[in-house]
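Listed here are the chains, written in short residue letters.
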Amino acid sequence: MDNYSQLTNYSIMKERLVPEVVGYRANAAELKDMPYRRLHDMAIVYRFLIESGDDSIATMRINNRLMEYMGVSEEELYADALEYGPKIRPMEIMSLADMLKDLTNMSLDMSGGAPLFVATVESRVRGAGIIVYEDFCKAAADVCGGSFYLLPSSIHEVILVPDTGEWDAEVLLSMVSEINATLVAENERLTDNVYHYPAQNTPCNRFEAVVSF
């Protein structure tokens, strides 16, 4: 799609709209120029996926100028991203062992404790936005067997830890902070926080920050 009139026609482009999550503090300056909404210490922003014609996908993040030109509001972007995002980029939840096997082509023994899971999208690129999907928490709770911790691994994926009593929240916080500092590129970090979803008596997609900012 290279026709400018199509690229700026929201009625056409909204079907290519997906949500993305980024770290709020690290992107505070950039966020001033784009529509977003807070999600704890993260921010939800919006991006169009565009077919480039050679079986690859180009993307275009929406800034305030484009939003105003298209004549839409952040509320409309949010609603449409939640409607079309799951269709364009369905979430995938798999065990961490299977994810590592896909990446390294090696079978790793991760027995001896509660299994960990990874939630992302098929391309593994900017997949952390799936935490915004309306059915994310239910799907994650089903896989984890109930309540779970959400570790914001990077903008590309999140890690799910079943809350079986084997993990202490402070240990998880320390783990996320250390991984961010040593293994995740600064522009791909989400937050040093950890979130918890209590499966019982909690509305879907209402995970809570372990440490409030």
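Below or above, wherever it landed, is the structure these notes cover. Note that the structure is predicted; figures quoted are calculated from it, not measured.

Next up on the list: the environment of Phe207. Relative to the helices and strands, Phe207 resides in the loop between strand E9 (195-197) and strand E10 (208-209). Given the relative accessible area of 6%, Phe207 is considered buried. Taking C-alpha positions, Phe207 is 4.4 Å from Tyr197, a pair spaced 10 residues apart along the chain. Residues within four places of Phe207 in sequence aside, it is in contact with Leu39, His40, Ile131, Cys137, Leu150, Tyr195, His196 and Tyr197.

Let us now look at the pattern of salt bridges. On inspection of all chains with the given rule, the structure shows 8 salt bridges. Salt-bridge contacts for Arg47 lead to Glu20; the nearest nitrogen and oxygen are separated by 2.7 Å. Placement of the pair is Arg47 in strand E3 (residues 42-51) and Glu20 in strand E1 (residues 17-23), with a sequence separation of 27 residues. On the accessibility criterion, Arg47 (9% relative accessible area) is buried. On the basis of relative accessibility, which here comes to 3%, the residue Glu20 falls in the buried class. Of the charged contacts, one joins Lys87 and Glu83 as a salt bridge, the two residues approaching to 3.9 Å between their closest N and O atoms. Residue Lys87 and its partner Glu83 are both found in helix H5 (residues 74-88); the two are separated by 4 residues, about one turn of the helix. Classification of Lys87 by relative accessible area gives exposed; the value is 58%. The class of Glu83 is partly exposed, set by a relative accessible area of 38%. Within the structure, one salt-bridge network assembled from shared partners comprises Glu20, Glu30, Arg47, Arg61 and Arg126.

Thresholds applied
Residues numbered from 1 in each chain as written. Predicted model: local features only at pLDDT ≥ 70, side-chain atom pairs only at ≥ 80, totals over all residues. Heavy atoms only, no water. Helix = DSSP H or I, 4+ residues; strand = E, 2+ residues; numbered from the N terminus. Buried < 20%, exposed > 50% of the residue type's maximum accessible area, 1.4 Å probe, protein only. Contact = heavy atoms within 4.5 Å. Salt bridge = Lys/Arg side-chain N within 4 Å of Asp/Glu carboxyl O.

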